[in-house]
Amino acid sequence: MNFNPIKIRRIKPKTKGKKLGLIQLIFFMINSLSYKKIVVKVGSNVLTKPDGMLNISRMAHLVEQIAQLKKEGVQVILVTSGAVAAGRAEVESLKKLDPISSRQLWSAVGQVKLINHYADLFHKQGVICAQVLTTKENFGDRHHYLNMRNCMQTLLENDVIPVVNENDTISVTELMFTDNDELSGLIASMMDMEALIILSNVDGLYTSAPDQPGSELIRIIHPHRTTEGISISATKSDFGRGGMLTKYHIASKLAGQGISVYIANGFKERILTDILHSMNQPAFTHFLPAAKKSSGVRKWLSHSDDFARGEVVINEGARTALLSDKAVSLLMIGITSVTGYFKEGDIVRIKDGMGNLLGLGKTSFSSDETMVEKGGKKTKPFIHYDYLYLV
Ligand code: GLU
């Protein structure tokens, strides 16, 4: 019997007049798209009205743009906040709850509302979307990480748009994403995307507080630029957990890995399509990508600091070797001390004698073995070059 348990049914676009006309088609061919694989992150403040209710017309406009880009051949992953805000507007707790319980109550109720709206709105555009909920812990274990990557790859290959959010109902407070900006960065890196567009309620980063006279939008940030001359407010947004500080850190890190990052205003009409078509000169801050692309393992390691099980301190000779241009592994002979308890295959931090973090890597030895072998002449590397990420 030919039994296919997973059958993806294509749905026909329901809306009339949404098909691309000849003029539109020629227009799109002339305006070639800048990216073919993008992550779009939308914050709670963009998706909610001042009274806290979901702003359905704004969601509809974003979905319309994503559907258009998809029809033009762009793979899009949508990372969306809004569950907690939607739940808070929907249900009032019967008794006073602690912050964890109220987050669980609101996100559990609100995520249903949020994804239902997305499913309806994408359906109207003739596009299928799927819900992917994840936690930070899934990024710490390489096996879970690859499983999650496989899931999203399968969705994309089947023309389905992954709609991703943190699984706020079960995330452990100490191991939550700082906010969905961090989550979107991890996804963009994991899926090897070309660009991440973070939609916020401002146009981007400014030279001083945006409401100060003379403050100017910074349009381009070159890789490895310092924060000098950039005003980064530490204030959090009203409905979400995010803020400019994490956006800046995530954007710089990703750009350093060769991924283009835009911080742009989600309130502006056609912002996504304008960015992708390089049209109408929309206001945004663009973090230019560094030329160097990191390998898959290094990208994973670069986001794994929270999951490190231990630490090794290395001597000056090993430090010089690691920081040179050569491809070198970290050997036992360079290790002076070990802390923490780790097994072979766990992630450990590498520090110099002054306590500076030099990098992270996946070890080939346990902490017990390292205690015995450190400083010795063991030929098998403690961390092989392929599993070494230098900050
Ligand atoms: N995951 C949270 C939500 O859906 C949002 C986290 C954030 O604000 O970035 O409400």
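Residues numbered from 1 in each chain as written. Predicted model: local features only at pLDDT ≥ 70, side-chain atom pairs only at ≥ 80, totals over all residues. Heavy atoms only, no water.

### Quick word on the overall build of the protein chain
Looking only at helices and strands, one finds 13 helices and 13 strands in the protein chain. Looking at the 391 residues of the protein chain, the share that counts as buried comes to 48%. Accessible area for the protein chain stands at about 19700 Å²; split by element, carbon and sulfur atoms hold 54% of it. (Helix = DSSP H or I, 4+ residues; strand = E, 2+ residues; numbered from the N terminus. Buried < 20%, exposed > 50% of the residue type's maximum accessible area, 1.4 Å probe, protein only. Areas by Shrake-Rupley, 256 points an atom, 1.4 Å probe, with all protein chains shown as cover.)

### Observations regarding the packing of helix H8 (residues 180-190) against helix H9 (residues 244-256)
It is the contact of H8 with H9, at a shortest axis distance of 9 Å, that shows an interaxial angle of 10°. Taken as axis vectors, H8 and H9 run roughly parallel relative to one another. The segment H8 lies against H9, with Asp181, Glu182, Gly185 and Ala188 engaging Thr246, Lys247, Ile250 and Leu254. Taken together, the residues of the contact of H8 with H9 sort by class into 3 nonpolar, 2 polar and 3 charged. (Axes fitted to C-alpha atoms, helices over the stretch in contact; angles between N-to-C directions. Parallel < 35°, antiparallel > 145°, perpendicular 65-115°, else oblique. Contact = heavy atoms within 4.5 Å. Nonpolar A, V, L, I, M, F, W, Y, C, P; charged D, E, K, R; others polar.)

### What about the nonpolar core?
In terms of nonpolar packing, the biggest core is built from 44 residues, with Ile77, Phe139, Met152, Ile187 and Phe287 touching the most fellow members. When residues in this core are grouped by element, the largest group, 6 residues, is from H9. Grouped together as the second largest cluster of nonpolar side chains are 38 residues, Val76, Ile197, Tyr262 and Phe284 included. (Core = buried A, V, L, I, M, F, W, Y, C linked by side-chain atoms within 4.5 Å.)

### Quick look at the sheet that holds strand S1 (residues 37-42)
Sheet architecture is open: 8 strands sit in the order S3-S4-S2-S1-S5-S7-S8-S6, paired in mixed fashion. Strand pairing shows two members of the sheet lacking a second neighbour, strand S3 (128-134) and strand S6 (220-221), which therefore form its edges. Against the sheet, H9 engages S1, strand S5 (195-200), strand S7 (260-265) and strand S8 (284-287), with an angle of about 150° to S7. (Pairing = 2+ DSSP bridges.)

### Quick notes on the sheet that holds strand S13 (residues 388-390)
In space, the 5 strands of this open sheet follow the order S10-S9-S11-S12-S13, with mixed pairing throughout. Two strands lie at the open edges of the sheet, namely strand S10 (335-340) and S13, each paired on one side alone. Strand-to-strand twist of the sheet, defined as the mean angle between neighbouring strand axes without regard to direction, takes the value 20°. Looking at chain direction, strand S9 (residues 310-314) and S10 are connected through 5 bridges and run antiparallel. Each residue of the ladder has a partner; that of Glu311, found in S10, is Thr339. Across the face of the sheet, helix H12 (residues 316-323) comes into contact with S9, strand S11 (347-351), strand S12 (357-362) and S13 while running at roughly 100° to S9.

### With respect to the pattern of salt bridges
On inspection of all chains with the given rule, the structure shows 17 salt bridges. Its salt-bridge partner being Asp159, residue Lys70 comes within 3.5 Å of it at the nearest N-O pair. Of this pair, Lys70 sits in helix H3 (residues 56-71) while Asp159 sits in the loop between helix H7 (142-157) and strand S4 (160-166); the two residues are 89 residues apart in sequence, bridging distant segments of the chain. A salt bridge links Asp352 to Arg319; the shortest N-O distance between them is 3.2 Å. Of the two residues, Asp352 sits in the loop between S11 and S12 while Arg319 sits in helix H12, which places them 33 residues apart along the sequence. Judged by relative accessible area, Asp352 falls into the buried class, the value being 3%. Taken together, the shared-partner salt bridges in this structure form one network comprising Asp305, Glu311, Arg349 and Lys351. (Salt bridge = Lys/Arg side-chain N within 4 Å of Asp/Glu carboxyl O.)

### Let's talk about the packing of helix H4 (residues 83-90) against helix H5 (residues 99-124)
Two numbers describe how H4 lies on H5: the axes approach to 6 Å, and their chain directions differ by 100°. Between H4 and H5, the crossing angle belongs to the class labelled roughly perpendicular. Note on element contacts: H5 touches H4 through Arg103, Trp106, Ser107, Val109, Gly110, Gln111, Lys113 and Leu114, opposite Ala83, Val84, Ala86, Gly87, Arg88 and Glu90. When the residues that make up the contact of H4 with H5 are grouped by side-chain class, the tally is 6 nonpolar, 4 polar and 4 charged.

### Considering the environment of Val163
Note on placement: Val163 falls in strand S4. Exposure remark for Val163: the relative accessible area of 2% places this residue in the buried category. Apart from residues no more than four positions distant in its own chain, Val163 is found in contact with Leu78, Thr80, Ile115, Tyr118, Phe122, Cys129, Ala130, Gln131 and Val132.

### Thoughts on the environment of Val312
Considering the arrangement of structural elements, one finds Val312 in strand S9. In the structure, Val312 is positioned 59 residues away from Met371 in sequence and 10.0 Å away in space, judged by C-alpha atoms. With sequence-adjacent residues up to four places away left out, Val312 is seen in contact with Leu330, Ile335, Ser337, Val338, Arg349, Ile350, Lys351 and Phe382.

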